[in-house]
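In case you want the letters, here they are:
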Amino acid sequence: MVGYPQPQASPSNGGNPMVRSRGRGHRTRRILTLITLLLAAGVTGSGVLAQRLSGVPRVGVLAPLSADPEHGGRSVDDFREGMRALGWIDGGNVSIEIRFAYGDPASLSANAAAFVAEKVDVIVAFSGESAQAARRATATIPIVMDTGGDPIRSGLVASLSQPGGNVTGLTLMLPEVAAKSLQMLKEVAPRVGKIGVLAQTDTPDVQLMTQLGPAAASLGVSLLPVGVGTAEDLPRRFDEMTAAGADGYFVSAQPRTDTMRDAIAELALRLHLPGVAQQRRYADAGVLLSYGASLSAGHQREAYFVDRILKGAKPADLPVEQPTTFELVINLKTAKALGLTIPPLILVRADELIE
């Protein structure tokens, strides 16, 4: 009959098995103490101690907007899907904690500081602002970014091929894609001659204007920078834009403009302005066109970097990637309201038509 192993004498216990038994008692008490600590962590709701002691890696996600599916919730689902595809199951062999900033820069910084204090293993930043907040908070914890800006110019990485620090990930910075957006707007609305460029700043976005400049010149249109501050300020900005002669608009997809996309689409339609944006959720909101990288594919790709880092790779050795998947979405309802006919060649190229 098979039973439990019996205590054996050893040089350390002088041949007395009871000495070893007392050692086991001490270990038992330590285990009970550990369980008590884990339960206490669960009661407080933090779970941080339990996760650390379990050895499960922890990933903190900085989401600049809200948990609403049309803002940050869908991005979270895409990231989790990418992690699952690589064998990482949230609540199983990995813990993924999401912190939403609801469009507030101060909350974004506070959330980044909280992840650093909790000593998460990786921070995932869903925007350039999120990546900057994380980088200000830590120079050691790996950061996986997804930014629409220039990560080199902003100081996040040394170069795309050799990031050189604790940040890597994806950049949507592709001047040719922004230029293509202007071209499509001009093809759909050929009478457009002056395009207002909406960005979340009170001063002109020099980088964006530089990217769009050559394309605008080749299309024979001029550009008007329009800084977007708050939602309350938006009607005045549109009035100023149209008073300056703008008859079309381009929206830079950024956290602040994201929160205003419904209002932007509504105001533009009221003023009979055709527009183009860099992300499809703007077309969903009522903007005429959207052309840009697939956000869904990008958030799933972030999981690749997290997977590599959790398996021992260093961010400095993982080249920053640029998107390869782009999508054109046309809002036919908006086109009809504006009295525009979409050229057949544009229609057949569309990935989705909103009717």
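Preceding this section is the structure that the text describes.
Residues numbered from 1 in each chain as written. Predicted model: local features only at pLDDT ≥ 70, side-chain atom pairs only at ≥ 80, totals over all residues. Heavy atoms only, no water.

Student: Which residues make up the packing of helix H6 (residues 175–188) against helix H7 (residues 206–219), and what values go with them?
Tutor: Axis separation between H6 and H7 bottoms out at 8 Å; the angle between their running directions is 35°. At the point where H6 passes H7, the crossing takes the right-handed sense. Contacts from Pro-175, Ala-178, Ala-179, Leu-182, Gln-183 and Lys-186 in H6 reach Gln-211, Leu-212, Ala-215, Ala-216 and Leu-219 in H7. Of the residues that constitute the contact of H6 with H7, the class distribution is eight nonpolar, two polar and one charged. (Axes fitted to C-alpha atoms, helices over the stretch in contact; angles between N-to-C directions. Helix = DSSP H or I, 4+ residues; strand = E, 2+ residues; numbered from the N terminus. Left-handed = near helix turned anticlockwise from the far one by under 90°. Contact = heavy atoms within 4.5 Å. Nonpolar A, V, L, I, M, F, W, Y, C, P; charged D, E, K, R; others polar.)

Student: Lay out the nonpolar core in plain terms, naming residues and giving numbers.
Tutor: If you look at the biggest cluster of nonpolar residues, it comprises 30 residues, and the most contacted ones within it are Leu-182, Ile-195, Leu-212 and Phe-250. Elements with a minimum of two residues in this core: H6, strand E6 (194–199), H7, strand E10 (289–293) and strand E11 (326–331). Residue contributions to this core peak at seven residues, all from H6. Residues within four places of Leu-182 in sequence aside, it is in contact with Ile-195, Leu-212, Ala-215, Ala-216, Leu-219, Leu-223 and Phe-250. (Core = buried A, V, L, I, M, F, W, Y, C linked by side-chain atoms within 4.5 Å. Buried < 20%, exposed > 50% of the residue type's maximum accessible area, 1.4 Å probe, protein only.)

Student: Before we move on, can you summarise unusual backbone geometry with the specific residues and values?
Tutor: Of note in the backbone geometry, Tyr-102 takes a positive phi value of approximately 55° without being a glycine. With a phi close to 60°, Lys-119 is a non-glycine residue in the positive phi region. With respect to the secondary-structure elements, Lys-119 resides in the loop between helix H4 (105–117) and strand E3 (122–125). What makes Lys-119 exposed here is its relative accessible area of 56%.

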